[in-house]
Amino acid sequence: QVQLVESGGGLVQAGDSLRLSCAASGRTFSTYRMGWFRQAPGKEREFVATIRWNGDSTFYTDSVKGRFIISRDNAKNMVYLQMNSLKPEDTAVYYCAALPSGYGRNFRASTSYDYWGQGTQVTVSS
């Protein structure tokens, strides 16, 4: 069992940066692939980024490539999403999620993730 708590969201101007944090509980945190998803009003939950359990591989959805960076610090049970050059279309509730490693699941699918945080609101104004 893993519990996740996101923080770092807020209201920013277009072009600004934010760093989201996800604090995880559990001694087995380092065995989980971690992901970030987001959901805007009236839209489905969208995959944003993922990082392998040991941090040696990352993958991003096309709309954030070159702007967002996912990272993790397993010693601190933390996952981060550095968001640069923010756009109004990035406005959403952002969720971190945990996927147990070793099952060959589709890491782009929200249904593959077993644990979810409560979300943190990111609002980007123009």
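Going by the structure above, here's the rest.
Let us look at the structure shown here. The model shown is predicted, which means the values in this text are computed figures rather than measured ones.

Per the counting criterion, the structure on display carries one disulfide. Note on cysteine connectivity: Cys22 is disulfide-linked to Cys96, with sulfurs 2.1 Å apart. With the S-S dihedral at roughly 60°, the linkage between Cys22 and Cys96 falls on the right-handed side. Of this pair, Cys22 sits in strand β3 (residues 18–24) while Cys96 sits in strand β9 (residues 92–100), placing them 74 residues apart in sequence.

Time to look at the nonpolar core. Most often, soluble globular proteins keep nonpolar side chains buried together rather than apart. If you look at the biggest cluster of nonpolar residues, it comprises 30 residues, and the most contacted ones within it are Leu4, Met34, Trp36, Leu81, Met83 and Tyr94. Residues in contact with Leu4, not counting those within four places in the same chain, are Cys22, Ala23, Ala24, Met34, Cys96, Ala97, Ala98, Tyr115, Trp116, Gly117 and Gln118. Ranked by size, the runner-up nonpolar core spans six residues in total, among them Phe47, Leu99, Phe107 and Tyr113.

The four strands lie next to each other as β1-β3-β8-β7, forming an open sheet whose pairing is antiparallel. Each edge of the sheet is formed by a strand with only one pairing partner; in this case those strands are β1 (4–7) and β7 (68–73). With strand direction ignored, the average angle separating the axes of adjacent strands in the sheet is 15°.

About the cut-offs
- Residues numbered from 1 in each chain as written.
- Predicted model: local features only at pLDDT ≥ 70, side-chain atom pairs only at ≥ 80, totals over all residues.
- Heavy atoms only, no water.
- Disulfide = S-S within 2.5 Å.
- Helix = DSSP H or I, 4+ residues; strand = E, 2+ residues; numbered from the N terminus.
- Core = buried A, V, L, I, M, F, W, Y, C linked by side-chain atoms within 4.5 Å.
- Buried < 20%, exposed > 50% of the residue type's maximum accessible area, 1.4 Å probe, protein only.
- Contact = heavy atoms within 4.5 Å.
- Pairing = 2+ DSSP bridges.
- Axes fitted to C-alpha atoms, helices over the stretch in contact; angles between N-to-C directions.

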